[in-house]
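Secondary and tertiary structure notes
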Amino acid sequence: MGDPFANDASYVTVPLGHQRLAPEESLARSRAFLDTMRRRRSVRAFSTEPVPFALIEAAVAAAGTAPSGANQQPWTFVAVGDPDLKARMRAAAEGEERDFYTDHITPEWRAALAPLGTDPVKTHLTDAPWVVVVFAHAFGLERLPDGGERQFKHYYVAESVGIAVGLFLASLTHAGLVALTHTPSPMAFLGALLDRPRNERAYVVIPVGYPAPDATVPAHALEKKSLEQILIQATSR
Ligand code: IYR
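These numbers were taken from a predicted model, which means no experiment stands behind them.

Tracing the backbone shows alanine 158 in helix α6 (residues 157-174). It is 18 Å that separates the C-alpha atoms of alanine 158 and arginine 196, two residues lying 38 residues apart in sequence.

Within this structure, the stated rule accounts for four aromatic pairs. Considering the side-chain rings of phenylalanine 53 and tryptophan 130, the 5.1 Å spacing of their centres and the 45° angle between planes classify their relative orientation as tilted. Of this pair, phenylalanine 53 sits in helix α2 (residues 53-63) while tryptophan 130 is found in strand β2 (residues 130-137), placing the two residues 77 residues apart along the sequence. Classification of tryptophan 130 by relative accessible area gives buried; the value is 15%.

Turning our eyes to something else, we now look at the site of the ligand. Around the ligand, the neighbouring residues are Glu97, Phe100, Tyr101, Trp109, Leu113, Lys122, His182, Thr183 and Ser185. In this structure, tyrosine 101 approaches the ligand through a side-chain N or O atom, which is 2.5 Å from an oxygen atom. Interatomic distance of 2.5 Å between a side-chain N/O atom of lysine 122 and an oxygen atom of the ligand. Against a free-state accessible area of 370 Å², the protein chains account for coverage of 74% of the ligand. When contributions to the shell around the ligand are tallied by element, the ones reaching two or more residues are α3 (83-104) and α4 (107-113). At three residues, the largest contribution of residues to the shell around the ligand is made by α3. For the shell around the ligand, the class distribution of residues is four nonpolar, three polar and two charged.

Turning our eyes to something else, we now look at the nonpolar core. Grouped burial of nonpolar side chains is what soluble globular proteins tend to show. One finds Phe77, Val134, Phe168, Ile206 and Val208 to be the most contacted residues of the largest nonpolar core, which totals 23 residues. Put simply, the parts of the chain that give this core at least two residues each are α2, β1 (75-80), β2, α6 and β6 (200-209). Of the residues forming this core, the biggest block, seven residues, is contributed by α6. If we skip the residues at most four places from it in the chain, valine 208 touches Phe46, Ile56, Ala128, Pro129, Trp130, Val132, Phe168, Leu172, Leu177, Val178 and Ala179. Among the nonpolar cores identified, the runner-up in size contains 13 residues, and Met89, Val131, Phe135 and Leu190 belong to it.

Now for the UniProt feature "domain: Nitroreductase" (unreviewed entry) in the chain. Cross-referencing UniProt, the feature "domain: Nitroreductase" (unreviewed entry) maps to residues 38-210 in the present numbering. Its end C-alpha atoms 17 Å apart, residues 38-210 is made of 39% helix and 21% strand.

Right, let's talk about a nonpolar patch on the surface for a bit. A contiguous nonpolar patch, built from Leu227, Ile230 and Leu231 and spanning about 330 Å² of accessible area, is present on the exposed surface. Tracing the chain through its elements places leucine 227 in helix α8 (residues 227-230). Owing to a relative accessible area of 53%, leucine 227 belongs among the exposed residues under this scheme.

Okay, the sheet that holds β6 next. Sheet architecture is open: four strands sit in the order β1-β2-β6-β5, paired in antiparallel fashion. Both edges of this open sheet fall to β1 and β5 (178-179), since each of them pairs with a single strand only. Here β2 runs beside β6; their pairing, made up of eight bridges, is antiparallel. The residue of β6 that forms the bridge with alanine 136 is arginine 201. Contacts from α6 reach β1, β2, β5 and β6 within the one sheet, and its direction differs from that of β6 by about 10°.

About the thresholds
Residues numbered from 1 in each chain as written. Predicted model: local features only at pLDDT ≥ 70, side-chain atom pairs only at ≥ 80, totals over all residues. Heavy atoms only, no water. Helix = DSSP H or I, 4+ residues; strand = E, 2+ residues; numbered from the N terminus. Phe/Tyr/Trp six-rings, centres within 6.5 Å; stacked < 30°, edge-to-face > 60°. Buried < 20%, exposed > 50% of the residue type's maximum accessible area, 1.4 Å probe, protein only. Near = heavy atom within 4 Å. Polar contact = N/O pair within 3.5 Å; in protein donor to acceptor, adjacent residues only side chain to side chain. Areas by Shrake-Rupley, 256 points an atom, 1.4 Å probe, with all protein chains shown as cover. Nonpolar A, V, L, I, M, F, W, Y, C, P; charged D, E, K, R; others polar. Core = buried A, V, L, I, M, F, W, Y, C linked by side-chain atoms within 4.5 Å. Contact = heavy atoms within 4.5 Å. UniProt positions renumbered as here; feature names shortened; annotations may be inferred. Patch = residues over 30% accessible without salt bridge, like charges linked within 9 Å, V, L, I, M, F, W, Y side chains within 5 Å. Salt bridge = Lys/Arg side-chain N within 4 Å of Asp/Glu carboxyl O. Pairing = 2+ DSSP bridges. Axes fitted to C-alpha atoms, helices over the stretch in contact; angles between N-to-C directions.

This is the structure:
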């Protein structure tokens, strides 16, 4: 029996190649990024103006740099720009949302959503030039040369996809685009509509574009917790 902690032959390393910044440069960049991110708003009213696909590509590439459980990268980003497909997605989503708002929503949930003014009408799904549907890979699925399939476990899927989506939103914001993190509930219809393999589960729907000229946002959403509320510097007692 070998040493269970011995390095596996698959463990190969390369130099890190980290670029060290001067402290002032570090702080300046950090604050500039914060300033950009503070301007991010979830937008529900989109302009129909086109957005070059290159911007979607770069944002998805940024998302793809995310850390993930065992580096399994359990995500697929499906970019929908086709008007007919967007219309079908909207019709299906609005169907689900009507049921949600009339039958499935709890009084507590309704109260929590009241300051956001959401309803079952989802114009963003047809107005935004791109609707990016993010799928999480519940497990790995590999086609084998013999035509068979190998199925394998994935780790920390929700956490991994959440981090990737965060980077995607940061990239879009940095590029001057706006987006909405939309979760039609339930969203199983998206796998069928977009023809995804059986290991993929719709995770979030993200319309991307420019805001409609008359877009408004709920004042409530401006109320972000203060740093004092979210950051604690722990010390040993
Ligand atoms: N899925 C519904 C309801 C909804 C739920 C939450 I939590 C929100 O933050 C916003 C909406 C919808 O998309 O309207």
